[in-house]
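Tertiary structure, described
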Amino acid sequence: MKANTDSVEDAAEKLFDKGCKYQLRGKHRKAIQYFDQAIAMGAGTTSYLSSLGLKGRSLMSLGKPRDAIQTLTIAIEDDPDYRSAWLIRGEAHCAIKKYDAAMRDMCNACGDWSGVSPEQRQHAYSLLHDLLKKNAFVCEPCARTGKKPDKANAREIKKQNLAQVKRAMSSLDFKHYTVSHQFSVTCAKCGSETNIYA
Ligand SMILES: [Zn+2]
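Residues numbered from 1 in each chain as written. Predicted model: local features only at pLDDT ≥ 70, side-chain atom pairs only at ≥ 80, totals over all residues.

1. Digging into unusual backbone geometry
Despite not being glycine, Lys97 has its phi angle at roughly 65°, a positive value. Along the chain, the position of Lys97 falls in the loop between α5 (83-95) and α6 (99-109). The class for Lys97 is exposed, based on 9 C-beta atoms found within 10 Å. (Helix = DSSP H or I, 4+ residues; strand = E, 2+ residues; numbered from the N terminus. Buried ≥ 20, exposed ≤ 12 C-beta atoms within 10 Å, placed from the backbone.)

This is the structure:
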């Protein structure tokens, strides 16, 4: 039984590695074929999540943000701590102009830095900053109700949120993984706060 598990693990790893090689060479369709095969080996393998994440990345490169969102949602549901998936899904939501969803993704991408490179971290922050500059933040439960926030209130909260993220960015050391402090963004509809670890 053990040998069998090991061979599945090895096969998935090999397929994943092949996908990575094609992705690095910009051959995204080919890369996706291998990532799909690695994913088909099952959720129990070590390369399962990375295969989903990198498939999402290749779909973005092919200009298919909707497909990317679908793939990355599977990854996020499997492991909400997989920060890169939140980050790429946030970019995908930006690409289809779903800015509210993009902001929530970015907040989750910034949630905890284990497994996220300093570059990704910096990238997530600058995207969050740009999004907060243009849009009022709306939390997940409020987003489901679909109602628009009160305009004057939203403008004030937008200013406040932007100031928060700016302050965090100026005090951040992007080269280190350690969580230095915490800040929050406020929902423009209900006033609830979403914590972000910087
Ligand atoms: Zn809310």
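2. Topic: the packing of α6 against helix α7 (residues 118-134)
Where α6 contacts α7, the axes come no closer than 9 Å and their chain directions differ by 145°. Relative to α7, α6 is oriented so that their crossing is left-handed. Facing Tyr99, Ala102, Met103, Met106, Cys107 and Ala109 of α6, the residues of α7 in contact are Ala124, Leu127, Leu128, Leu131, Leu132 and Lys134. Of the residues assigned to the contact of α6 with α7, the class counts are eleven nonpolar, no polar and one charged. (Axes fitted to C-alpha atoms, helices over the stretch in contact; angles between N-to-C directions. Left-handed = near helix turned anticlockwise from the far one by under 90°. Contact = placed C-beta atoms within 7 Å. Nonpolar A, V, L, I, M, F, W, Y, C, P; charged D, E, K, R; others polar.)

3. Examining the nonpolar core
Ranked by size, the top nonpolar core spans 50 residues in total, and within it Leu72, Met106 and Leu128 carry the most contacts. Secondary structure elements with two or more residues in this core: α1 (2-24), α2 (28-40), α3 (48-61), α4 (65-78), α5, α6, α7 and α9 (151-171). If you count residues domain by domain, this core takes at least three from each of domain 1 (1-79) and domain 2 (110-198). The residues contacting Leu72, other than those within four sequence positions of it, are Leu52, Gly56, Ala85, Ile88, Arg89 and Ala92. (Core = buried A, V, L, I, M, F, W, Y, C linked by C-beta atoms within 7 Å. Domains from an automatic or database assignment.)

4. Some words on the packing of α4 against α5
Look at α4 against α5: their axes get within 9 Å of each other, and the N-to-C directions meet at 155°. As far as their axial angle goes, α5 and α4 are roughly antiparallel. The chirality of how α4 crosses α5 is left-handed. Taking contact as the criterion, the partners of Pro65, Ala68, Ile69, Leu72, Thr73, Ala75 and Ile76 in α4 are, on α5, Ala85, Trp86, Ile88, Arg89, Ala92, His93 and Ala95. Considered class by class, the residues forming the contact of α4 with α5 number eleven nonpolar, two polar and one charged. (Parallel < 35°, antiparallel > 145°, perpendicular 65-115°, else oblique.)

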